[in-house]
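This is what each chain is made of:
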Amino acid sequence: MTSVEYVTPTFYTPFDYTLKDALNLGNVEWRRPFIEKYMDTGFPKWKRLNLSEFFVKPLKPYKGEPFSGSVLYKKSVKSFNDDTFNDMMNRDFNGSHLKFTLMSKAFFNTGFFVEISGEGEFLAKYDLNENPTTVENSLVVVKKGAKATIVREVKGNGKLNVGTTLFLIEKGAKLEFFNILMAPSTPLMVDSNLYILKENADVEVYDIILGGEKVASHHRFELTEHGAKSRLTSAYFENGKERADLQYELIHEAPKTYGKIIGNGVINDESYMVFRGLTNIKREAFDANAEESGYTLVLSPNARADAIPSLRVRNHSVSAKHSASTGSLDDDKLYYMMSRGLSKRMAMQLIVEGMFNPIIDIIPVDDVKRDVKDELSSKI
Amino acid sequence: MLLEIRNLHVEVEGKEVLKGLNLNINPGETHAIMGPNGAGKTTLASTIMGNPKYMITDGDILFEGKSILEMTVDERAKFGIFQSFQYPEEIPGVKLRNFLKLAYDTVHPDKKLSVFDFGDLIVKQADKLKIDRSFLDRYINVGFSGGERKKSEILQLNVLNPKLAVLDETDSGLDIDALKIVSDGIKNFANPKVSVLIITHYQRILDHVKPDFVHVFMNGKIVKTGGMEIASELESNGYESLTV
Amino acid sequence: MSEKLSFDGKVNYVVKSKPGLDKKLIEEISFNKDEPVWMRELRLKSLDFFLKRSNPVFGVDISKLDVNEIIPYLKPDAEKSGSWEEVPENIKETFEKLGIPDAERKVLAGVGAQYDSEVVYQHIKDQLSRLGVIFLDMESAVKEYPELVKKYFMRAVPPNDHKFAALHGAIWSGGSFVYVPKDVEVPMPLQAYFMMASPGMGQFEHTLIIVDKGAKLHFIEGCSAPKYSVINLHSGMVEIYVDEGASMKYSTVQNWSKNTYNLNTKRALVEKDATMVWVSGSIGSAKTMLYPTSVLKGKGARAEHMNITYAGNDQHMDTGSKIIHVAPYTSSKVDARSISSDGGWAFYRGLLKVLPTAHHVKSTVECSALMVDDASASDTVPIIEVMNNEADIGHEARIGKIKESQIYYLMSRGISEGDAKALIVRGFMEPIVKQLPLEYAIEFNRLVNMKFTSDLG
């Protein structure tokens, strides 16, 4: 069966990154195969994010030490020869757009490669104030039966943040991933995440988005083996003229796989939010269970929320659901709280915080938790 | 003999649930099978009806002297077997009235009832069971309460008028009034030509229906058979008293 | 009208067809129809757009559709029908099973004219003219009511809307025109069927309906029996104007034969406090693209879209609905259901747009899909764009199968497996099918029964 597929148009920018930029960053031999492809690929003309021109910013080696945690991370050039690493890097994954995943692979100035056996925590805290252009290329391997907690925080006011993180979650392994973007005045943030889940692997992702001016985010879960299970909960708050295009993709390739996406957020002022949920259930995925739901609270008459769900089902023994809704502040709720003496503003604030608290409460790193709270209250 | 179950062994999802069950039912008799939760009561009812989920590994079920193991569910219904479900399914978009007419015409091809005569028949039964007539024009079990579903099952029993009624936990979830109505519905159905098999956990429905035989069913087998006195004994001493 | 009905399709002359649609052919069509200048210009402008525009970037694969193949049939005197012998066996069989009378079979198969309808039509016509309702075929309307037609024709869907709208604008022929005057309630549904004057008509038909203030109309297009035509493209257009406080219901049952590309455009502009209801049933065609659209222009306007789509073997049905909330206090409701079976592919594509001007909007979109077997495919893409915060929008989509336990329950009452499946599928479609006139609903159900080799009545 064939269908007509929409192809995103592209454009080129006159001063794009070249081999020269890679030379400054080192490890050129490893980057080389991606550089050529990068230069052949145009930037996406994103309609909803209103991206039609783009000027790259100078790339410098990352300043400072963003990593900490109980697990060792490998960052030496030698580890790039690791088979798993190469396999994952060459996997067919375009993320938000091929141009940006290639940018990560060819021109990364930071990133991590961690392999976790047993139990481990890992924290990556990127500071865009010190590193206005941050291009990350990261890989996480959670070994058979292991249990991993990963926190990634991108903070500060920068120019560009492009991140690509690939996860391999082996048989029976567990991953908890907190992905936190809060760099409100950064003009463009592009985030691509791929999760490969093996038999009975279990993944829980919390995606918190509090700016960039333009944010494109993509999480793709490939449930490749029997019993793999993934859940993603996202929370976003946008104000000013921020735009975000969030895309969550569930790919069920094996029987009894389970995928759930819950997206909740708030948009204010003239911000614009796009929530895309893609569920793709292949023929082999008997008794798969997929559910996506999105709720957007719209606070301003000039804000805009789009929902673009898509369910593709090729096996009839499955359960696949999608729901999306938008709403304004519930007058009854406001009235109830105001009748207890709260001002309207405070009541609104409480309702908004109420949407975030369940996620903030479980962030395992205290200073990250504080960062998110501070950023959220400054936004409100 | 109407129903004869010989040494029945049944597996569900690879687990043996019935382990050599024997049971004989003659026309006109009312039997009750009592057993604790998880004893395999629903398995027994569904196996008699022929639910393909239940796999017979040994034994036989004879109905009017003929083995029915090779028959599909609808063939058994046409043959005169009826199962009342513990949790009757919802079928959206299909009206109870139309469905019953269709089932009636299939089960009784010889009786040609016009739409109007059939309407009279089901309205009469609905009134007897104190089922609001409007239920007849609602979709099958959609939005019915637990009690309404059970009444609807008994309504179907009386309309389809089978030879053997297998009633699976028909009393569960009913208040006292509804239990009385449902029991009356069962008594209304019973006559010397037909038989009833009541499967239940509790004695209370038996106080109304008064079965001729009571069987105690545990661990996939009938462990004791007698009259109403067994039911009272179970009620006061519990199933535990019977474990050997 | 009567002239056309006596026309029996004999070819007077044959023009050798040149490849490609061109200006000359369009001018010839217009000349033969004796059209006013503005209509000829509209056709030519449309042709221009058609040649310039590229194919849609979504939906069904139309790469095998050669629009030039239809050219010979566009000739004014072309033989649009074949003979009964050429009609495919499976279509004849279906007619047999559905018990369709001989005379009608020929019309449905595109090899006979609907002579009998004249009698029926005449009676309705008298009744309508007493009410001041205008109901006639589109070509006559262009001549008899030029001002009215000119004011509305291809205003809701302009020729440059998309490539196939442009094609339609260039080559349209036939269709119905309805005008219902202020506060008139048309007592019976009007059927497009009456306007099928000659074989082969209804391929590029244009339907234009104007319901004036406070008036009420139910219009029915199509028929559920399979419709066969030697021309493998159906590209019709429906434009509806529902004025203040008026109420309009448009029901369609589409069952083109499996050689047809059904690329249709339907749009309604709905004014203050008016109501638009679309009921669409799609069963036939090889590939369908159809998204009835309601533009809620006036405060308090309402739209309701009910779709049922059946995708069987070798079918790709891309159907859906589009609702644009322009004015405040407007509301809309979508209930879309699809069934895919025997390797069929059902695709729901929807757009719900709430413009910044449209505050206090209420809308619910519900999509449910039933997959009957594993060879089939089901997709759902309902896009929602909300540009106003005082909007209450809800959307739900689910794809599932017939539950084994439902089949078992029905079988335990004596119903065969095929009948049980047919019953469940019919029950799934029921809320929408019941919106159709009885005879259509009955035929729809019969078609489902045939798919499950069920003998239900």
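Below is a short write-up of the structure. Keep in mind it's a predicted model, so treat the numbers as computed, not measured. (Residues numbered from 1 in each chain as written. Chains lettered and ligands numbered in written order. Predicted model: local features only at pLDDT ≥ 70, side-chain atom pairs only at ≥ 80, totals over all residues. Heavy atoms only, no water.)

**Here's the deal with the environment of B:G80**
Residues and elements named next belong to chain B.
Part 1 of the argument: Relative to the helices and strands, G80 is located in the loop between α2 (73-79) and β6 (81-84).
Part 2 of the argument: Take G80: its relative accessible area is 6%, and that puts it in the buried class.
Part 3 of the argument: In this structure the C-alpha to C-alpha distance between G80 and N161, which are 81 residues apart in sequence, comes to 8.0 Å.
Part 4 of the argument: Once residues within four sequence positions are removed from consideration, G80 is found in contact with F63, P162, K163 and L164. (Helix = DSSP H or I, 4+ residues; strand = E, 2+ residues; numbered from the N terminus. Buried < 20%, exposed > 50% of the residue type's maximum accessible area, 1.4 Å probe, protein only. Contact = heavy atoms within 4.5 Å.)

**Remarks on the packing of helix α5 (residues 146-160) of chain B against helix α6 (residues 176-189) of chain B**
Residue and element names in this part refer to chain B.
Part 1 of the argument: The N-to-C vectors of α5 and α6 enclose an angle of 10°; their axes lie 10 Å apart at closest approach. Relative to α6, the element α5 lies roughly parallel. Counting all contacts with α5, which are made through K151, I154, L157 and N158, the residues of α6 involved are I181, V182, G185, I186, N188 and F189.
Part 2 of the argument: Residue classes in the contact of α5 with α6 are distributed as 6 nonpolar, 3 polar and 1 charged. (Axes fitted to C-alpha atoms, helices over the stretch in contact; angles between N-to-C directions. Parallel < 35°, antiparallel > 145°, perpendicular 65-115°, else oblique. Nonpolar A, V, L, I, M, F, W, Y, C, P; charged D, E, K, R; others polar.)

**With respect to the nonpolar core**
Part 1 of the argument: Of all hydrophobic cores here, the largest spans 112 residues; its most connected members are B:I5, B:L44, B:I48, B:L155, C:I339, C:L410 and C:M429.
Part 2 of the argument: The dominant element in this core, judged by the number of residues it contributes, is helix α12 (residues 417-433) of chain C, at 9 residues.
Part 3 of the argument: A domain split of this core shows at least three residues from each of domain 1 (2-290) and domain 2 (403-457) of chain C.
Part 4 of the argument: Not counting residues up to four positions away in its chain, the partners in contact with C:I339 are C:I308, C:T309, C:Y310, C:A311, C:A346, C:L370, C:V372, C:V425, C:F428 and C:M429.
Part 5 of the argument: Core analysis: the next-biggest nonpolar cluster, separate from the first, contains 105 residues, A:M273, A:V298, C:I124 and C:V184 among them. (Core = buried A, V, L, I, M, F, W, Y, C linked by side-chain atoms within 4.5 Å. Domains from an automatic or database assignment.)

**Some words on the pairing of strand β8 (residues 147-155) of chain A**
All names here are of chain A.
Part 1 of the argument: Along β8, 7 of the 9 residues are buried, which leaves the element largely enclosed by surrounding structure.
Part 2 of the argument: With 9 bridges connecting them, strand β6 (residues 119-127) and β8 associate as parallel partners. If you follow E121 over to β8, its bridge partner there is T149.
Part 3 of the argument: Pairing analysis gives 9 bridges linking β8 to strand β10 (residues 174-182), with the strands arranged parallel. Within β10, the residue paired with T149 across the bridge is E176. (Pairing = 2+ DSSP bridges.)

**Quick look at helix α4 (residues 115-128) of chain B**
Residues and elements named next belong to chain B.
Part 1 of the argument: Taking 1.5 Å of rise per residue, 14 residues should cover 20 Å, and α4 covers 20 Å from first to last C-alpha, within 8% of that figure.
Part 2 of the argument: Inspection of α4 places F118, G119, I122, V123, Q125 and A126 among the buried residues, and these make up the whole buried set. The buried residues of α4 all sit within an arc of 165° when viewed along its axis, so they share a single face. The exposed set on the far side of α4, more than 90 degrees from its buried face, consists of F116, D120 and K124.
Part 3 of the argument: Of the surrounding elements, those touching the buried residues of α4 are α3 (96-107), α5 and α6.
Part 4 of the argument: Backbone geometry just after α4 places K130 at a positive phi near 55°. (Expected span 1.5 Å × (residues − 1). Arc of directions from axis to C-beta.)

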